[in-house]
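Examination of the molecular architecture
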Amino acid sequence: MNLILLFQTDFIATDTVVISDRRFHHIKQFHQPVEGQQLKVGLLDGDIGLGTVITLAEQSVTLQIKLDKQPPPPLPITLILALPRPKMLKRTLQTVTSMGVKQIYLINSYKVDKSYWSSPVLHEQYLTEQLLLGLEQAGDTLLPEIHLRKRFKPFVEDELPEIAQHTRALVAHPYNAEICPAAENIATTLAIGPEGGFIPYEVNKLQSAGFTAIHIGPRILRVENAVPVLLSRLFPI
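This report concerns the structure included in the present document. If you're wondering where the values come from, they're calculated on a predicted model, not measured in any experiment.

**Some points on the nonpolar core**
In terms of nonpolar packing, the biggest core is built from 48 residues, with F198, L206, F211 and L231 touching the most fellow members. In contact with F198, not counting residues within four places along its chain, are A82, I107, S109, F152, V171, H173, A191, I192, G193, V203 and L206. Membership of the second largest hydrophobic core comes to 13 residues, among which are V41, L43, L63 and I65.

Here it is as structure tokens:
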């Protein structure tokens with residue numbers, strides 16, 4: 001936890017918060033705070049700054065806070081991701097959040113197991129938990145948005161062209177593809193398939209929506225590894 005995220009419900013005054021949940025136990029275990037110690041804090045969807053320990057109790061800590069800096073800038077990307085298996089989704093969401101992705105579409109694909117869509121991992125509370133962990137890791141406060149799309153064809157035909165309009169639209173595909181373009185901080189829409197990749201029909205549909213197929217070399221990576229590699233190749237992170 002490189003940033004202690006604060007919520008509006010933590011405030012007992014305009015510049016004072018009380019923390020008593022898992023964040024407190026992390027602070028107590030890893031920071032071993034004393035009165036007067038300063039900790040890096042940030043208000044969810046707001047600014048970051050420092051929190052000064054003013055009271056340390058058995059089950060809570062009280063901080064006086066000063067928020068005077070903006071969070072790191074987000075990546076100008078919309079990530080279109082074929083729904084991974086639940087364990088991989090957890091890791092991937094934390095990773096992309098820590099890297100600055102703010103718009104995430106989880107979509108269906110031929111090779112996505114139908115059972116994934118009924119997983120409790122997709123409950124809003126669980127998804128938010130992974131995003132918060134990613135923010136804490138990166139020292140960020142801006143919560144990403146996740147959109148679920150269970151039907152591939154209607155999404156690609158009806159929504160995706162507008163989403164990708166005026167962006168660098170790319171689909172990660174290892175066959176008959178161009179080499180990944182150079183890093184550039186420009187608006188991008190990136191589609192990444194499931195384990196085993198998009199089938200030819202899906203690639204053709206994405207290309208019809210204006211997407212260019214790209215690859216990152218001869219090695220075939222797992223989704224959880226391909227995502228950060230692609231982000232680091234496409235943007236000057």
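**Here's the deal with unusual backbone geometry**
For residues other than glycine, phi is negative in most cases, and the peptide bonds are mostly trans. Positioned with a positive phi, Q32 is a non-glycine residue whose angle comes to about 45 degrees. By the secondary structure assignment, Q32 is in the loop between α1 (22-31) and β4 (38-43). Of note in the backbone geometry, H166 takes a positive phi value of approximately 65 degrees without being a glycine. Topologically, H166 is positioned in the loop between α4 (152-164) and β10 (168-172). The class of H166 is exposed, set by a relative accessible area of 75%.

**Regarding the pairing of strand β3 (residues 16-19)**
Here strand β2 (residues 11-13) runs beside β3; their pairing, made up of two bridges, is antiparallel. Bridge pairing in β3 links F11 to V17. Between β2 and β3, which follow one another and run antiparallel, lie two residues. Bridge analysis of β3 against strand β6 (residues 61-69) gives four bridges, and the strand direction is antiparallel. Paired with V18 across the strands is T62, a residue of β6.

**Remarks on the sheet that holds β6**
The mixed open sheet is built from six strands, whose spatial order is β1-β4-β5-β6-β3-β2. Looking at which strands have only one partner, the edges of the open sheet turn out to be β1 (4-6) and β2. Strand-to-strand, the axes of this sheet are offset by a mean angle of 40 degrees, without reference to chain direction. Relative to strand β5 (residues 48-56), β4 runs antiparallel, the two sharing five bridges. Each residue of the ladder has a partner; that of L39, found in β5, is G51.

**Thoughts on the sheet that holds strand β12 (residues 188-192)**
Overall, parallel pairing links the seven strands, which are arranged β9-β8-β7-β12-β10-β13-β11 in an open sheet. Either end of the sheet is taken by a strand with one partner, and the two such strands are β9 (145-149) and β11 (178-179). By the bridge criterion, three bridges tie β10 to strand β13 (residues 212-215) in an arrangement that is parallel. Opposite L170, over in β13, you have T212 as the bridge partner. Packed on one face of the sheet, helix α2 (residues 86-98) meets β7 (77-82), β8 (103-107) and β9 and runs near 160 degrees to β8.

What counts, and at which threshold
- Residues numbered from 1 in each chain as written.
- Predicted model: local features only at pLDDT ≥ 70, side-chain atom pairs only at ≥ 80, totals over all residues.
- Heavy atoms only, no water.
- Core = buried A, V, L, I, M, F, W, Y, C linked by side-chain atoms within 4.5 Å.
- Buried < 20%, exposed > 50% of the residue type's maximum accessible area, 1.4 Å probe, protein only.
- Contact = heavy atoms within 4.5 Å.
- Helix = DSSP H or I, 4+ residues; strand = E, 2+ residues; numbered from the N terminus.
- Pairing = 2+ DSSP bridges.
- Axes fitted to C-alpha atoms, helices over the stretch in contact; angles between N-to-C directions.

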